[in-house]
Amino acid sequence: MDQYEEVIYEVEEHVATITMNRPRALNAIGGSLARELPHALVRADEDNEVRVVVLTGAGRSFCSGADLKGTVGPRLAKGWTADKGASTAAQYMASRTLPEDMARNQWLLAYPFSNLTTILKRYRTPLIAAVNGFCYGGGLLLALAADIRFAADSATFCSIFSKRGVTFEASTSYYLPKIVGREWALRMQYTGEPVDAETAYRIGLCSEVVAADLLAKRVKEFATEIATKRPAYALALSKLQVDKGVSVDDPEVMGMLEAYSLAQIQRGHDYYEGEQAFVDKREPQFEGY
């Protein structure tokens, strides 16, 4: 799948830019985008020539979440009811498998963030979200799962789930409290109201706010600097260290992981290039992986 219908995939100077391209649907995850976005993300992560990935949206939206028109409507048309939902949930919790009729109806494909959650949790490559507009529901997950978030001054972030009668979805409850803290996570969920870019910056939901017309340029400069002037393998291991450090409350364990990581990078060119460049008083020329 080298050609996409609703994803724009570009690589320049070791930076892969993945643009969700359903502007008329505010880049809601559905249609071809539901199939193509996971493919594009994995494609970039498995390409050793790609050292940084930028995820953004076309038009005035980053991602408005799941395409409810494309999922809820068909479910209701098939006779989905509260009783059937409760029965299905009970059966799933008891066996951890989907009922046969639901499997035939491809239930998981109707929930477009299932694959994305798994992919993003295991992502190796530094991932930057350029949030150019609406970042709602499952779209919020995509931004939260990124390592760094830049926001246009017109961007808004929203945990809209409660307004749709549901709880957190797509691992949002895993990421959001870790980033903004318990109170803001619950405030966003309780109210379902959008948070503007300046507030998002204040609570740690993004690290930089940029004028909307300068967002793409600023993120490209930032990503290219990392991709061309930093050691890719060391950054991947650093990402692993930070992710584990957030959840493992044991400095001894983290010290062991750091020692393992150092032993790994000492097997490659970039470790010695960094030291030699320091001695030579020049900029290092890193090779990547």
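All values reported here derive from a predicted model rather than from experimental measurement. The residue numbering used here restarts from 1 in each chain and proceeds along that chain's sequence as written. Local features in a predicted model are, by the rule used here, given only for residues with pLDDT of at least 70; side-chain atom pairs are given and counted only at 80 or more, and totals for whole chains, interfaces and linings are based on all residues. Side-chain descriptors were evaluated using all non-hydrogen atoms of the structure, hydrogens and water having been removed beforehand.

Let's talk about the nonpolar core
We apply this condition: Joining through side-chain atoms within 4.5 Å is the link that ties buried Ala, Val, Leu, Ile, Met, Phe, Trp, Tyr and Cys residues into a set, and such a set is a nonpolar core. A simple rule labels every residue: compare its accessible area, found with a 1.4 Å probe on the protein chains alone, to the largest value its type can have, and call it buried under 20%, exposed over 50%, or partly exposed in between. Strands here are runs of E lasting at least two residues and helices are runs of H or I lasting at least four, both read from the DSSP assignment and numbered beginning at the N terminus. Whether two residues are in contact is decided by their heavy atoms: any pair within 4.5 Å suffices.
With 48 residues, the main nonpolar core has Ile18, Met20, Leu37, Phe62, Leu142, Phe157 and Leu205 as its most contacted residues. Per element, the largest residue contribution to this core is 6 residues, and it comes from helix α1 (residues 31-46). Other than its neighbours up to four places away in sequence, Phe157 contacts Val131, Cys135, Leu140, Ala151, Met188, Glu193, Pro194, Val195, Ala200 and Leu205. By size, the runner-up hydrophobic cluster in this structure holds 13 residues, among which are Phe150, Ala223, Ile226 and Ala227.

What about the environment of Glu12?
Threshold: Nitrogen and oxygen atoms within 3.5 Å of one another constitute a polar contact, given that in protein one can donate a hydrogen and the other can accept it, and given that sequence-neighbouring residues count only through two side-chain atoms.
Inspection of the secondary structure assignment puts Glu12 in strand β1 (residues 7-12). Note on Glu12: relative accessible area 47%, which makes it partly exposed. Between the C-alpha atoms of Glu12 and Lys220, which are 208 residues apart in sequence, the distance is 9.6 Å. Reaching out from Glu12, the side chain makes a polar contact with the side chain of Lys220 at a distance of 3.3 Å.

Focus: a negative patch on the surface
Put simply, the test is: Exposure above 30% relative accessible area and the absence of a salt bridge qualify a residue for a patch, where like charges join within 9 Å and nonpolar side chains (Val, Leu, Ile, Met, Phe, Trp, Tyr) within 5 Å. Accessibility throughout is a Shrake-Rupley quantity obtained with a 1.4 Å probe, and a residue counts as covered only by protein chains that appear here. Here a salt bridge means any side-chain nitrogen of Lys or Arg lying within 4 Å of a carboxyl oxygen belonging to Asp or Glu. Under this rule, positive means Lys or Arg and negative means Asp or Glu; His and the chain ends count for nothing. Taken as the charge location is NZ of Lys, CZ of Arg, CG of Asp or CD of Glu.
A contiguous patch of negative charge, built from Asp153, Asp196, Glu198 and Asp213, is present on the exposed surface. Summarising the element assignment, Asp153 is placed in the loop between β7 (148-152) and β8 (156-158).

Topic: the state of the cysteines
For clarity, the cut-off: Only a pair of cysteine sulfur atoms within 2.5 Å counts as a disulfide in this structure description.
Within the structure shown, the criterion is met by 0 disulfides. Distance from the sulfur of Cys63, which forms no disulfide, to the nearest cysteine sulfur (Cys135) is 7.4 Å. Assessed through its relative accessible area of 0%, Cys63 is described here as buried.

Here's the deal with the pairing of β7
For the record, the criterion: Two strands are counted as paired when DSSP detects at least two bridges linking them.
In terms of residue burial, β7 counts as a mostly covered element, since 4 of its 5 residues are buried. Pairing between strand β5 (residues 127-131) and β7: 4 bridges, direction parallel. Bridging across to β7, Val131 finds its partner in Ala151. Pairing of β7 with strand β10 (residues 208-210) involves 3 bridges; the strand directions are parallel. Looking at the pairing, Ala151 lines up with Val209 of β10.

Observations regarding the sheet that holds strand β9 (residues 195-196)
Taken together, the 4 strands give an open sheet; going across it, the order is β4-β6-β8-β9, and neighbouring strands pair in mixed fashion. Here the strands that pair on one side only, and so sit at the sheet edges, are β4 (61-63) and β9. Pairing of β4 with strand β6 (residues 134-136), which is carried by 2 bridges, proceeds in the parallel orientation. Within the sheet, the bridge partner assigned to Cys63 lies in β6 and is Cys135.

What about the packing of aromatic side chains?
Keep this limit in mind: Aromatic pairs are defined between Phe, Tyr and Trp rings, using the six-membered ring for Trp, whenever the two ring centres lie within 6.5 Å; interplanar angles under 30 degrees are classed as stacked, those over 60 as edge-to-face, and all others as tilted. Charge-over-ring contacts are defined here by two conditions on Lys NZ or Arg CZ: a distance within 6 Å of the ring centre and an angle within 35 degrees of the ring normal.
With the rule as written, the count across this model stands at 4 aromatic pairs. Relative to Tyr136, the ring of Phe134 lies with its centre 5.7 Å away and its plane at 80°, an arrangement referred to as edge-to-face. With relative accessibility at 27%, the residue Phe134 sits in the partly exposed group. Accessibility expressed as a relative area gives 17% for Tyr136, which makes it buried. Sitting over the face of the ring of Tyr9, Arg43 holds its NZ or CZ atom 4.0 Å from the ring centroid. Seen from the ring of Tyr174, Lys178 lies directly overhead, with NZ or CZ sitting 4.1 Å from the centre.

Thoughts on helix α13 (residues 269-280)
Under the convention used in this document: Multiplying 1.5 Å by the helix residue count minus one yields the expected span of that helix. Relevant arc is that of directions from the helix axis to the C-beta atoms, nothing else.
End to end, α13 covers 16 Å across 12 residues, agreeing with the expected 16 Å (1.5 Å per residue, within 8%). Buried within α13 we find Asp270, Glu273 and Ala277. Buried positions in α13, seen along its axis, are confined to an arc of 55° and lie on one side of it. For α13, the exposed residues lying more than 90 degrees away from the buried face are Phe278 and Val279. Here the buried face of α13 lies against α11 (232-247). Following α13 by one or two positions, Lys281 has its phi on the positive side, about 60°.

Focus on the pairing of β5
Burial analysis of β5 places 5 of its 5 residues in the buried class, the great majority of the element. Both faces of β5 are covered, namely the face carrying Leu127, Ala129 and Val131 and the face carrying Ile128 and Ala130. Here strand β3 (residues 52-57) runs beside β5; their pairing, made up of 4 bridges, is parallel. Of the residues in β5, the one forming a bridge with Thr56 is Ala130.

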